[in-house]
Amino acid sequence: MDTSKFYIDGGWVEPAGTARLGIVDPANEEIFAEIRLGTREDVDRAAAAARRAFAVASETPVAERVAWLEKIIAGFRSRLPDLAMMMTREMGSPITFATERQATVALYHFEEAARVLAQYRFEAPMGAGIVRREPIGVCGLITPWNWPLNQVASKLAPALAAGCTVVLKPSEIAPLSAMMLAEIVDAAGVPAGVFNLVNGDGPTVGEAIAAHPEIDMVSFTGSTAAGIRVAKLAADTVKRVAQELGGKSANIILDDADLDAAVMAGVHACNTNGGQNCQSPTRMLIPRASREAAFAAARRAIETIRLGDPQDKATTMGPLVSRAQFDKVQELIQSGLDEGATLVAGGPGRPADLNRGFYVRPTVFGDVTPAMRIAREEIFGPVLSIMSYDSEDEAIAIANATPFGLAGFVQSKDPARARRVAERIRAGRVYINGAAFDRSLPFGGYKQSGNGREFGVFGFEEYLEVKAILGATA
């Protein structure tokens, strides 16, 4: 793979500019690859190719689009170990997790898109005519580094299935797995121009995509601040904007739950992927009387985390993605200490046995109050805040007292009680008692956690326009 090129109009091409960026392995802080950074000219070229290809893609029969997806799925499966290792190198995901979750969940999105497409009804009679759903057009996809393939796949798969064409900008921090996926898409025989990839940073390539007059929709995953910027740029051309933004999810452990099991599971969920997850349950709400028992369970959970070389199959937590992310998390850990939270486990600095790499000690704070920074800001690292409540109503109020609303978690031995609490949480997705991931259910946020939905039929319909044809019959 020639990492210096972009994939535009069915081939790997030389970028317009000459700027380069080294890709750093966060486990050893060494540059192991280099990409070119794109320009507005590259986005123009990709958007023009996508616009030309839309005339073909939008009219391609469903069976043929299903065949594209099936070939991508086959290619993805054959290269899954390579894709997993690339994510281990570019963003520090432990190889076991990268294989079993990072790469495998990305594959799920292509499988789900093929399933949805094969049975979807694009038109139906209604009133005095029919309602028809058609592909929206050229879609700009801007994706983050924390789940480099999953977030690409959750957008790309339904866009292709819907008959749209795509200009993708993966994160410049972790772009290499997306470039490998571009090779898979190319080998699948998807027509030229249907899929295009331009590497670059947000202020240049990301903003060019968001503002581009030839792009009909932009789907963005990242921080809330960046999402606001994307939406403002998209407004001038009245694009559809779908966004999955920040989170500060609450995990309400009710007084009838198995406290030890719930706390330990909550700690591990918060530390998954090094805590670099938008829906991580970073605020654990416990009954005030359970303080000491919860702290003890949290310490036991932290002791089971194996932090180290992400290429070691036994490692359960690797480094954070970058120096900038490491510094941000260290600052927030220090703020917890400065503002008076109780340090239950972990703390500032690297682990004593790791003198290089962006490794952070998995950290738990107790006695956290809603006014503290660690309770308000998205940390995006392995830091858990334990907060106490005196009543169920207070717990729900604390859970909802945030500008975010991506996810929520409820633990109770009484399923009906857990359901009632889940219905009162203002978030787009709520997990009860450790419920498993489901690729068919919608994912997306309330409030400043975004708009629109991904996954399954809800994600598929984000890429469709609705047309009423009056006087027509089915």
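Since this is a predicted model, take the numbers as computed values, not measurements. (Residues numbered from 1 in each chain as written. Predicted model: local features only at pLDDT ≥ 70, side-chain atom pairs only at ≥ 80, totals over all residues. Heavy atoms only, no water.)

Asker: Sorry, what's going on with the nonpolar core here?
Answerer: Proteins that are soluble and globular tend to have nonpolar side chains buried together. Counting residues in each nonpolar core, the largest one holds 63 residues, and the members touching the most others are F76, F110, L156, L181, F195 and F460. Counting residues per element, this core draws most heavily on helix α4 (residues 95-119), which supplies 10 residues. Setting aside anything within four residues of it in sequence, one finds L156 in contact with F110, L141, V166, L181, V185 and F195. Judged by nonpolar contacts, the second largest core, of 31 residues, contains A250, L285, Y389 and I398. (Core = buried A, V, L, I, M, F, W, Y, C linked by side-chain atoms within 4.5 Å. Buried < 20%, exposed > 50% of the residue type's maximum accessible area, 1.4 Å probe, protein only. Helix = DSSP H or I, 4+ residues; strand = E, 2+ residues; numbered from the N terminus. Contact = heavy atoms within 4.5 Å.)

Asker: Is there a simple way to think about the sheet that holds strand β13 (residues 283-287) in this case?
Answerer: The pairing of strands in a sheet happens through backbone hydrogen bonds and is either parallel or antiparallel. Taking strand neighbours across the sheet as the criterion, the 7 strands line up as β14-β15-β16-β13-β12-β17-β18 in an open arrangement whose pairing is mixed. Looking at the sheet topology across the chains shown, the edges are occupied by β14 (342-345) and β18 (429-432). With strand direction ignored, the average angle separating the axes of adjacent strands in the sheet is 25°. Inspection of the sheet shows β13 paired to strand β16 (residues 383-389) by 5 bridges, in the parallel sense. (Pairing = 2+ DSSP bridges. Axes fitted to C-alpha atoms, helices over the stretch in contact; angles between N-to-C directions.)

Asker: Explain the side chain of N277 to me, please; I cannot follow it from the model alone.
Answerer: Inspection of the secondary structure assignment puts N277 in the loop between α9 (259-271) and β13. A distance of 3.5 Å separates the side chain of N277 from the side chain of N273, its partner in a polar contact. (Polar contact = N/O pair within 3.5 Å; in protein donor to acceptor, adjacent residues only side chain to side chain.)

Asker: Explain the packing of aromatic side chains here, please?
Answerer: A full pass over the atoms with the stated rule returns 11 aromatic pairs. The interplanar angle of 85° and the centroid separation of 5.5 Å between the aromatic rings of W145 and F380 together place this pair among those described as edge-to-face. On the criterion of sequence distance, the pair formed by W145 in the loop between β7 (138-142) and α5 (150-162) and F380 in the loop between α12 (373-376) and β16 is long-range, its members being 235 residues apart. The two residues W145 and F380 agree in class, both being buried. Taken together, the ring pairs in this structure connect Y7, W12 and F195 into an aromatic cluster. Over the aromatic face of F326 sits the side chain of R350, whose NZ or CZ is 5.5 Å from the ring centroid. (Phe/Tyr/Trp six-rings, centres within 6.5 Å; stacked < 30°, edge-to-face > 60°. Lys NZ or Arg CZ within 6 Å of the ring centre and 35° of its normal.)

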